[in-house]
Amino acid sequence: MKHKTFLWFVLPSSLAMILFIVFPLVSIVVQSLHVAHDQVVTTVENCGPFGCTTSTIIDQSATEALRREQPLGRYAGLTTYLDRRHLAVAEVGDAWRSAQGWRDLGARMLNLPFYKAVAFTLAYTFVVTPLTIILGFIVAVAVNGVTRSVRGPLIFFSLLPMIITPLVGSLILFWMIDARGIVGAALQAVAGDPGLSVKASTPLMWAMLMVYGVWHAAPFAFIIYYAGLQTVNADTLESAMIDGATRWQRIRFVVLPHLLPLTTFIALIQIMDNFRVFEPIVSFASSAHATSLSWTIYNDLGGETRQLSAAAATSVLTVIGVAILLSPVLVRTWREFGRR
Amino acid sequence: MRTWKTAALTTALSVLGATTAMAGCGIEAGRVSIVGNEFPAIHTVAEGAEACAGDGVEVKANLTADHQKINVAGMQGNPAEYTSAIIATSSIMALMNEDLIRPLDDLVAAHGQDVPKRQLIVIDGKVMAVAFMANAQTLVYRQDVLDQIGVAPPKTYEELLAAAEKIRAAGIMEHPVGGAYAAGPSIALEFVDMYIGHGGEFFKPGTAEVAINNEQGVATLNMMKALSAYMNPDFLTHDNNATAAEWEAGNVALMNFWGSRAVALVDSEGSAPQVHENTRVGPPMTVGGGSIPASALWWDGWTVAKNTTDQDALATFVALAHGTSPEILNDKTMGQAVWMIDGYQPAPVNGGVVAAMEMGTKPYPMLPYMSLLNTAVGENLSDFMQGKESAEQALADIEAAYTSAAKEKGFLN
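Please read these numbers as outputs of a predicted model, since none were measured by experiment. (Residues numbered from 1 in each chain as written. Chains lettered and ligands numbered in written order. Predicted model: local features only at pLDDT ≥ 70, side-chain atom pairs only at ≥ 80, totals over all residues.)

**Remarks on the overall build of chain A**
Consideration 1: Broken down by element type, chain A carries 15 helices and 4 strands.
Consideration 2: Over its C-alpha trace chain A gives a radius of gyration of 26 Å, far above what one expects of a compact globule, namely 20 Å for 340 residues.
Consideration 3: Counting across all 340 residues of chain A, residues that qualify as buried make up 31%.
Consideration 4: If you take every contact in chain A between residues at least 6 apart in sequence, the share linking residues at least 24 apart comes to 65%. (Helix = DSSP H or I, 4+ residues; strand = E, 2+ residues; numbered from the N terminus. Rg over C-alpha atoms; globule rule 2.2 N^0.38 Å. Buried ≥ 20, exposed ≤ 12 C-beta atoms within 10 Å, placed from the backbone. Contact = placed C-beta atoms within 7 Å.)

Here it is, written out as structure tokens:
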């Protein structure tokens, strides 16, 4: 294809990408390098139904002048990245010097909000992704082996967890794991401990969030593997059967290699999706036990405080995190491109 | 035929004429859009304002528990999406910090002669909001359960702990104490109440430097930990709604709860007769032998947005003044809150907030950086409440989190 034709061809999607990807990226990088102007506060008298008190408020006219001059705020360089809410360089240095052993250092670092969020996000990503792939594969092989008449409804039910809105699905699970809900009561019976409560225990809550993650994402892996299974070479399968291969050997030596590129694709998408975990933490109201990078950004942006620079810095760190996780794949793709 | 046509025309015109006359409250035209919290008293105010809707006047209300997440953004546009925000002592600071509400002095002078002076919230000499109700967290208890163990309603938190132990020992309830201890804003407000009760100051006087890592802070945390031992173990996920649900399910006998929300606990909806007939509201408790109630007085009021046309601002003012006028008081609404409106008669369920005012409960601090402290407290108490770190460590974490947030927002250098 001529270069000119190619450029015209990709123009619409390039425009969309520039608008929705490049501009926001530039925006968060710029915003993370600035902080709010020093607030000019004045002492005033506040009178209300309960009497008068002396208090402080922000002097709007003085602050307004500053804001008009420098609308972006005060240039702060990398200060926001290094402060306690993010990489916490000073606190980590203190912990390194004064910690007694690795466990103590780990506990101190987990006390810092950013590292706590990263720990859960990474654990979630690296537990949920392989489990999703395995579960999706098992379901796909099972559905593929079922008689044709039942296959339609079975596929529909297998896709349901992904069709349900994440917020609603996790809310349903939240109420089921309540100490008086079905799953919660069943867990208490199985463990023989009437005081067991998932919502009160951090390890159990982590496990439950990951269970939700696998349940929600498995249909994605299932439907891709199911499509891939339709294209497995029937001749190779038949000759394997004639040669006396068992079902498991057939799967291992014919089906799995055929599905390997699909596995790479699913792993890629799942790593990117799971790194952005957010809805289950909100629905499960589990911010006391587990926080994630996306949840930290949401928490900083919302409510009365609206810490925009902190949220922007966490966003940039999340983008860097995704880039690091995907770098092996990106490098391989780049090499293949260079070779051709 | 002609008579019929004339008759039809006359009827149509008179009907139209009647509609114009029905645009109540004397506003000619304008758009009123209210955002606020969601509990019975606010619903009443919004309905009172909506009674002013009619020909040329449009009144809408968006009442949600997440109002603080949307009101600042919703009023920043020009024209603002919401022409009025119903806010409380702390949420007004978010709007004031961003300069989103307009002074009401002119509107009060021209159209607000009926508004009592005590309802006006004056900040730096300008009327910024009109308050209509007072609120505070006070004791809520089950009379029948306390009768069963033969204990009077507790006046201090130490008495509450003793009563809870008796209830548990008698086998009546396993987790008799309730509380909105969900991580985040809920537990932060409980901390603020308890810290005030211990006589602590939040900031070094005249500065934005936080000062809670002291013996009052440690005593506060220890009392909260002691209370949580008698709560449902899921307390870190229980916000106000979940706490109310626990009460109505009959699982809780003692709690420190909002007067405005206690109103919903005594009605016949959602709970068995034994629960709602025996729900009583008492005065706020003291703690640690102090005389300051472990609670804070809040006002709820309405504001008018800055980024609206003057016509919309006038319509909003009149509609909301109507929504908080003596006309909204009737048998159903009288007990919904401690109204600051003329003609208000406190119902028994409002006794808690009335007592709070009489006992000299301190008002919630109206400072521009108080919400940063709230956020820092709400994010950093879960580890302590689960027994994973010490009280001093938790307070140090809160102070560090607050300091870094205050530096970013420009309150500290």
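**Some points on the packing of helix H10 (residues 202-230) of chain A against helix H12 (residues 247-275) of chain A**
Residue and element names in this part refer to chain A.
Consideration 1: Put simply, H10 and H12 touch, their axes get as near as 10 Å, and they point 150° apart. By the criterion of interaxial angle, the relationship of H10 to H12 is roughly antiparallel. Once H10 is placed against H12, the crossing between them reads as right-handed. Contacts from Gly 213, Ala 217, Ala 221, Ile 224, Tyr 225, Gly 228 and Leu 229 of H10 reach H12 at Val 255, Leu 259, Leu 262, Ile 266, Gln 270, Asp 273 and Asn 274.
Consideration 2: Split by residue class, the contact of H10 with H12 holds 9 nonpolar, 4 polar and 1 charged. (Axes fitted to C-alpha atoms, helices over the stretch in contact; angles between N-to-C directions. Parallel < 35°, antiparallel > 145°, perpendicular 65-115°, else oblique. Left-handed = near helix turned anticlockwise from the far one by under 90°. Nonpolar A, V, L, I, M, F, W, Y, C, P; charged D, E, K, R; others polar.)

**Notes on the domain arrangement of chain A**
All names here are of chain A.
Consideration 1: Splitting chain A by domain gives domain 1 (80-111) and domain 2 (112-339).
Consideration 2: For domain 1 versus domain 2, the separation of C-alpha centres amounts to 30 Å.
Consideration 3: Each partner contributes residues to the interface: domain 1 has 11 residues there, and domain 2 has 11 residues.
Consideration 4: Residues that form the side of domain 1 that touches domain 2 fall into these classes: 5 nonpolar, 3 polar and 3 charged. (Domains from an automatic or database assignment.)

**Quick notes on the interface of chain B and chain A**
Consideration 1: At the interface, 45 residues of chain B touch 39 residues of chain A.
Consideration 2: Elements with a minimum of two residues in the side of chain B that touches chain A: helix H3 (67-76), helix H4 (91-97), strand E4 (120-123), strand E5 (126-135), helix H16 (370-380) and helix H18 (391-408) of chain B.
Consideration 3: Counting residues per element, the side of chain B that touches chain A draws most heavily on H18 of chain B, which supplies 6 residues.
Consideration 4: Across the side of chain B that touches chain A, the residue classes tally to 24 nonpolar, 12 polar and 9 charged.
Consideration 5: The pairing of strand E2 (residues 41-48) of chain A with E4 of chain B spans 2 bridges and is antiparallel. What sits directly across from Asn 46 of chain A, in E4 of chain B, is Ile 123 of chain B. (Pairing = 2+ DSSP bridges.)

**Section: the domain arrangement of chain B**
Residue and element names in this part refer to chain B.
Consideration 1: For chain B, the assigned domains read domain 1 (2-135 + 298-345) and domain 2 (137-295 + 355-408).
Consideration 2: A C-alpha centroid distance of 32 Å is found between domain 1 and domain 2.
Consideration 3: Tallying the contact residues gives 15 residues for domain 1 and 14 residues for domain 2.
Consideration 4: Of all the elements in the fold, those that place two or more residues in the side of domain 1 that touches domain 2 are helix H2 (40-50), H4 and E5.
Consideration 5: The dominant element in the side of domain 1 that touches domain 2, judged by the number of residues it contributes, is H4, at 3 residues.
Consideration 6: For the side of domain 1 that touches domain 2, a count of residues per class yields 9 nonpolar, 6 polar and no charged.

**Here's the deal with the nonpolar core**
Consideration 1: Counting 186 residues, the largest nonpolar core has Ala 221 of chain A together with Ala 49, Leu 95, Phe 191, Phe 317, Ala 319 and Tyr 402 of chain B as the members making the most contacts within it.
Consideration 2: Among the elements that take part in this core, H10 of chain A stands out by supplying 13 residues, more than any other.
Consideration 3: Look past the residues within four positions of Tyr 402 of chain B in its chain and what remains in contact with it is Val 210, Leu 372, Leu 373 and Ala 376 of chain B. (Core = buried A, V, L, I, M, F, W, Y, C linked by C-beta atoms within 7 Å.)

**Side note on the pairing of E2 of chain A**
Residues and elements named next belong to chain A.
Consideration 1: Sheet topology note: the E2/strand E3 (residues 51-58) ladder contains 8 bridges and is antiparallel. Across the sheet, the residue bridging to Thr 42 is Ile 57, located in E3.
Consideration 2: In this antiparallel pair of consecutive strands, E2 and E3, the connection spans 2 residues.

**Notes on the confidence of the model for chain B**
Any segment with low pLDDT has predicted coordinates that should not be analysed in fine detail.
Consideration 1: Summing up the model confidence of chain B, the mean pLDDT is 89 and the portion of residues at 70 or higher is 95%.
Consideration 2: Taken together, the chains of this predicted complex give a pTM of 0.83 and an interface ipTM of 0.80. (pLDDT = per-residue confidence, 0-100.)

**Some details on the environment of Tyr 124 of chain A**
Residue and element names in this part refer to chain A.
Consideration 1: Tracing the backbone through its elements, the reader meets Tyr 124 in helix H6 (residues 113-145).
Consideration 2: The buried category is assigned to Tyr 124, around which 21 C-beta atoms lie within 10 Å.
Consideration 3: Here the alpha-carbon distance between Tyr 124 and Phe 275, two residues 151 residues apart in the chain, equals 7.7 Å.
Consideration 4: When neighbours within four sequence positions are excluded, Tyr 124 is seen to be in contact with Leu 209, Met 210, Gly 213, Asn 274 and Val 277.

**Concerning unusual backbone geometry**
Residue and element names in this part refer to chain B.
Consideration 1: Cis rather than trans, the peptide bond between Asn 78 and Pro 79 has omega equal to 5°.
Consideration 2: Looking at where Pro 79 falls in the secondary structure, it is placed in the loop between H3 and strand E3 (84-88).
Consideration 3: At Asp 99, a residue that is not glycine, the phi angle is positive and equals roughly 60°.
Consideration 4: Assessed through the 16 C-beta atoms surrounding it within 10 Å, Asp 99 is described here as partly exposed.

**Describing the pairing of strand E6 (residues 137-142) of chain B**
All names here are of chain B.
Consideration 1: Within E6, 6 of the 6 residues are buried, which leaves it mostly tucked inside the rest of the structure.
Consideration 2: In the sheet, E6 pairs with strand E8 (residues 254-258) via 5 bridges, with the strands oriented antiparallel. Bridge pairing links Thr 138 to Phe 257 in E8.
Consideration 3: Sheet analysis places E6 next to strand E9 (residues 279-281), joined by 3 bridges and oriented antiparallel. Bridge assignment links Tyr 141 to a residue of E9, and that residue is Arg 280.

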